[in-house]
Amino acid sequence: MTSPTALFTSRRERRLWLWALAVVVAIYSTLGLAGTLAEVLREHNLLPAAVLGLMLVTVAAIVGSGLKKRPGHREVWVALGVTAVYAMAVVRMGGTMEERTHLFEYGIVAVLIYQALSERSRNGRRVPAPAFLALVATVALGWVDEGLQALIPNRVYDNFDVVRNSVAAAIGIAGTVAVGWVNEHLDRRRSAR
């Protein structure tokens, strides 16, 4: 058991917060380079493949973070549903291909923050509504991202990007909660047999 004054309740919580911080630092540190990177990927006709790869990594993170036991067929169906929702969001979300990367960046951040808050709650700390707090924190981080872009030459503040970040966070958290709920529910049913 950890001390009530300890910053983290477990090694896992500490790792989750550090990963969340690392992803946010990576996002913020590439703000000035994003256009150049997108142009290089576009010139080599790799941008669509990069976006697809990011989508698959994000879905894997969402599904993987919700699983506690080996997945059954119901968890696979939920994972396919999460994949479909992400794919629909990528296709239907307006803007350029590189603007759609917000869906992945802030989806990952939201999942990491949600998992860190959930771990903290499981270890006895009071964390009211971890999913809601993760959503609020991720939306705030996305808003800061846009605010920083307003200060960088050749970048602009875009309210639609704030919406993209928020949608990404909501999908990431909802997917993780759904997979976790199905996995836990089925695990209890298996144990009762």
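Computed from a predicted model, the values in this text were never measured in an experiment.

Right, let's get into the overall build of the protein chain. The helix and strand inventory of the protein chain stands at seven helices and zero strands. Its helices and strands in sequence order give the protein chain the pattern α-α-α-α-α-α-α, from N to C terminus. Scored against the burial criterion, the 193 residues of the protein chain give a buried share of 37%. Pairs at least 24 apart in sequence give 76% of the contacts found in the protein chain among residues at least 6 apart.

Attention shifts here to the pattern of salt bridges. Where charged atoms of side chains with opposite charge meet at close range, the side chains can pair. Here the structure, examined in full by the defined rule, presents five salt bridges. One salt bridge in this structure joins Glu119 and Arg12, with 3.1 Å as the shortest N-O distance. Of this pair, Glu119 sits in helix α5 (residues 102-122) while Arg12 sits in helix α1 (residues 11-29), and the two are 107 residues apart along the sequence. The partner of Asp161 in a salt bridge is Arg164, and the shortest N-O contact between them spans 2.4 Å. Here the residue Asp161 and the residue Arg164 both occupy positions in helix α7 (residues 159-192), the gap between them amounting to three residues, near one helical turn. Classification of Asp161 by relative accessible area gives buried; the value is 4%. A relative accessible area of 1% places Arg164 in the buried class. Within the structure, one salt-bridge network assembled from shared partners comprises Arg12, Glu119 and Arg122.

Here we take up the side chain of Thr176. Tracing the chain through its elements places Thr176 in helix α7. On the basis of relative accessibility, which here comes to 2%, the residue Thr176 falls in the buried class.

Further remarks concern the nonpolar core. One finds Tyr86, Leu103 and Phe104 to be the most contacted residues of the largest nonpolar core, which totals 34 residues. Put simply, the parts of the chain that give this core at least two residues each are α1, α3 (47-66), α4 (73-92), α5 and α7. The greatest single-element share of this core, amounting to 12 residues, is contributed by α5. Sequence-distant contacts of Tyr86, that is, excluding residues within four places in its chain, are made with Met55, Thr58, Val59, Ile62, Leu103, Phe104, Gly107, Ala168, Ile171 and Gly172.

Between its first and last C-alpha, α4 extends 28 Å over 20 residues, near the 28 Å set by a 1.5 Å rise per residue. Every buried residue of α4 is listed here: Glu75, Ala79, Val82, Tyr86, Ala89 and Val90. For α4, the buried positions fall inside an angular range of 100° around the axis, keeping them on one side. Exposed positions of α4 whose direction lies more than 90 degrees from the buried face are His73, Trp77, Val91 and Arg92.

Let us now look at the environment of Pro153. Note that Pro153 resides in the loop between α6 (130-150) and α7. Taking C-alpha positions, Pro153 is 8.2 Å from Gly32, a pair spaced 121 residues apart along the chain.

Next up on the list: the packing of α5 against α6. Contact geometry for α5 and α6: axes closest at 8 Å, N-to-C directions at 140°. With respect to each other, α5 and α6 are oriented oblique. With respect to the hand of their crossing, α5 and α6 are arranged in right-handed fashion. In this structure, α5 contributes His102, Tyr106, Val109, Ala110, Ile113, Tyr114, Leu117 and Ser118 to the contact, and α6 contributes Pro130, Ala131, Leu133, Ala134, Ala137, Thr138, Leu141, Gly142, Asp145, Glu146 and Gln149. Among the residues forming the contact of α5 with α6, the class breakdown is 12 nonpolar, five polar and two charged.

Turning our eyes to something else, we now look at the confidence of the model for the protein chain. Of all residues in the protein chain, 89% have pLDDT values of 70 or greater, and the mean over the chain is 84. Model confidence for the protein chain, summarised as mean pLDDT per element, is weakest for α4 at 78 and strongest for α6 at 95.

This part takes up the packing of α1 against α6. At their nearest, the axes of α1 and α6 sit 10 Å apart, and the two run at 20° to each other. Between α1 and α6, the crossing angle belongs to the class labelled roughly parallel. Both α1 and α6 take part in a crossing whose hand is right-handed. Where α1 approaches α6, its residues Val24, Ile27 and Tyr28 are matched on the opposing element by Leu141, Val144, Asp145 and Leu148. The residue makeup of the contact of α1 with α6, split by class, is six nonpolar, no polar and one charged.

Definitions and limits used
- Residues numbered from 1 in each chain as written.
- Predicted model: local features only at pLDDT ≥ 70, side-chain atom pairs only at ≥ 80, totals over all residues.
- Heavy atoms only, no water.
- Helix = DSSP H or I, 4+ residues; strand = E, 2+ residues; numbered from the N terminus.
- Buried < 20%, exposed > 50% of the residue type's maximum accessible area, 1.4 Å probe, protein only.
- Contact = heavy atoms within 4.5 Å.
- Salt bridge = Lys/Arg side-chain N within 4 Å of Asp/Glu carboxyl O.
- Core = buried A, V, L, I, M, F, W, Y, C linked by side-chain atoms within 4.5 Å.
- Expected span 1.5 Å × (residues − 1).
- Arc of directions from axis to C-beta.
- Axes fitted to C-alpha atoms, helices over the stretch in contact; angles between N-to-C directions.
- Parallel < 35°, antiparallel > 145°, perpendicular 65-115°, else oblique.
- Left-handed = near helix turned anticlockwise from the far one by under 90°.
- Nonpolar A, V, L, I, M, F, W, Y, C, P; charged D, E, K, R; others polar.
- pLDDT = per-residue confidence, 0-100.

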